[in-house]
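As a plain string of letters, each chain reads:
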Amino acid sequence: MDAGARVIHVDVMDGHFVPPISIGALIVDALRDLVHERGGALDVHLMVERPEHRVEEFAAAGADNLIVHWEATPHVHYALKAVREAGMHAGLAINPATPPEAVAGLVESFDHLLCMTVNPGWGGQPYIPTSTAKVARLRELLGPDAPIEVDGGIDAQTAGPVAAAGATLFVAGSSIFGAADPAAAYREIAAAVGAS
């Protein structure tokens, strides 16, 4: 955050929707004051089955944005509505194999779209090159103002082209936290997308 990041992305994995198990609402609650007191937002990405059952606990924990996967529930409209009703921004995530057109009927139901640029669940994967064209198609479908977030394989080399395709928010894990100087790695990505 000292380097300029204002959104902290938190991956939550249940061991069912994706094989790994990771942190939950207790960790989001522990991060809340650290992030909010510095002017940041908590962007919580639920890689869990039936995310609609978890909305209230993450709202109580302090999530600002709650992202649910199109593929994780048969009731995605309901899940997104529950997120908004709990006072958070609703994010919709789609996996690499999900076609961009899948989101067309949900445009009024979410506040931003997360396009996975790797298969969800494992850090350190390489960026899937066809993701750039997919983001460009999403930009066509969603119009010029909708926030499009990308997650997976984002570094100083991949961020620029996907920004040019229409992405506006960039999730970088391994490329930042695996670097000898995480702040410098963040600044390189920010520079690649023209952010200050």
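Criteria and thresholds
Residue numbers here run from 1 along each chain, matching the order of that chain's written sequence. With the structure being a predicted model, the display of local features is reserved for residues of pLDDT at least 70 and the display and counting of side-chain atom pairs for 80 or more, all residues being used for whole-chain, interface and lining totals. Side-chain descriptors were evaluated using all non-hydrogen atoms of the structure, hydrogens and water having been removed beforehand. Runs of E in the DSSP output that reach at least two residues are strands. Runs of H or I that reach at least four are helices, and both are numbered from the N terminus. Computation of the radius of gyration draws on C-alpha atoms alone. For the globule rule, the value is 2.2 Å times the number of residues to the power 0.38. A simple rule labels every residue: compare its accessible area, found with a 1.4 Å probe on the protein chains alone, to the largest value its type can have, and call it buried under 20%, exposed over 50%, or partly exposed in between. Residue contacts are counted whenever heavy atoms from the two residues lie within 4.5 Å of one another. Exposure was quantified through the Shrake-Rupley algorithm and a 1.4 Å probe, taking into account, for residues, occlusion by the shown protein chains and nothing else. Charge assignment: positive for Lys and Arg, negative for Asp and Glu; neither His nor the chain ends contribute. In plain terms, the charge of a residue is placed at NZ if it is Lys, CZ if Arg, CG if Asp and CD if Glu. By nonpolar core we mean a set of buried residues, namely Ala, Val, Leu, Ile, Met, Phe, Trp, Tyr and Cys, connected to one another through side-chain atoms within 4.5 Å. Two strands pair if DSSP finds at least two bridges between them. The path from the first strand over the helix to the second decides the hand: if it runs clockwise while the strands point away from the viewer, the crossover is right-handed. Axes, fitted as lines to C-alpha atoms, cover a helix only where it is in contact. Angles between the N-to-C directions of the axes lie from 0 to 180 degrees. A 3.5 Å cut-off defines polar contacts: any pair of N or O atoms within that distance qualifies, except that in protein one atom must be a possible hydrogen donor and the other a possible acceptor, and neighbouring residues in sequence count only when both atoms are side-chain atoms.

Trainee: Just give me the short version of the overall build of the chain, but keep the residues and values in it.
Mentor: Check the secondary structure of the chain and you find seven helices and seven strands. Here the C-alpha atoms of the chain give a radius of gyration of 16 Å, agreeing with the 16 Å that 2.2 N^0.38 yields for 196 residues. Projecting the C-alpha coordinates of the chain onto the three principal axes gives extents of approximately 40 × 35 × 30 Å. When each of the 196 residues of the chain is scored for burial, the buried share is 46%. For the chain, restricting intrachain contacts to residue pairs at least 6 apart in sequence, the fraction spanning at least 24 positions comes to 58%. A total of about 9,200 Å² of accessible surface is found on the chain, and carbon and sulfur atoms cover 56% of it. The positive charge centre, built from 11 side chains, and the negative charge centre, built from 24, are 2 Å apart in the chain.

Trainee: Tell me about the nonpolar core, residues and numbers included.
Mentor: Residues Val44 and Phe58 are the most contacted members of the largest nonpolar core, which totals 45 residues. A per-element tally of this core places helix α3 (residues 76-85) first, with five residues.

Trainee: For the side chain of threonine 158, give the residues involved together with the corresponding values.
Mentor: Within the secondary structure layout, threonine 158 lies in the loop between β6 (148-151) and α5 (159-165). Ignoring sequence-local partners within four residues, the contact set of threonine 158 consists of Tyr127 and Gly153.

Trainee: Pulling in residues and values, what's your account of the pairing of strand β2 (residues 41-47)?
Mentor: β2 sits mainly inside the fold: seven of its seven residues count as buried. Of the two faces of β2, the one lined by Ala41, Asp43, His45 and Met47 and the one lined by Leu42, Val44 and Leu46 are each fully buried. Judged from the seven bridges that link them, strand β1 (residues 7-13) and β2 form a sheet pairing that is parallel. When the bridges of β2 are listed, valine 12 appears paired with leucine 46. Read as a crossover between parallel neighbours, the route from β1 over helix α1 (residues 25-36) to β2 is right-handed. Alignment of β2 against strand β3 (residues 65-69), held across three bridges, turns out to be parallel.

Trainee: How would you sum up the sheet that holds strand β7 (residues 169-171)? Please name residues and give values.
Mentor: The seven strands lie next to each other as β1-β2-β3-β4-β5-β6-β7, forming an open sheet whose pairing is parallel. Where the open sheet ends on each side, the last strands, each with one partner, are β1 and β7. Each adjacent strand pair in this sheet contributes to an overall mean axis angle of 25°, direction not counted. As judged from the three bridges shared by β6 and β7, these two strands associate in the parallel manner. Considered in β7, the bridge of glutamate 149 is made with leucine 169. Lying on the sheet, α3 is in contact with β3 and β4 (89-94); it crosses β4 at an angle near 150°. Along the sheet, helix α4 (residues 131-142) contacts β4, β5 (112-116) and β6; its crossing angle with β5, the most-contacted strand, is approximately 160°.

Trainee: Tell me about the environment of serine 22, and please be specific about residues and values.
Mentor: With respect to the helices and strands, serine 22 occurs in the loop between β1 and α1. With a relative accessible area of 27%, serine 22 lands in the partly exposed category. Residues serine 22 and methionine 47 lie 25 residues apart in sequence; the distance between their C-alpha atoms is 9.6 Å. Filtering out sequence-adjacent residues up to four positions away, serine 22 remains in contact with Asp11, Val12 and Met13. A distance of 3.0 Å separates the side chain of serine 22 from the backbone oxygen of aspartate 11, its partner in a polar contact. A distance of 2.9 Å separates the side chain of serine 22 from the backbone nitrogen of methionine 13, its partner in a polar contact.

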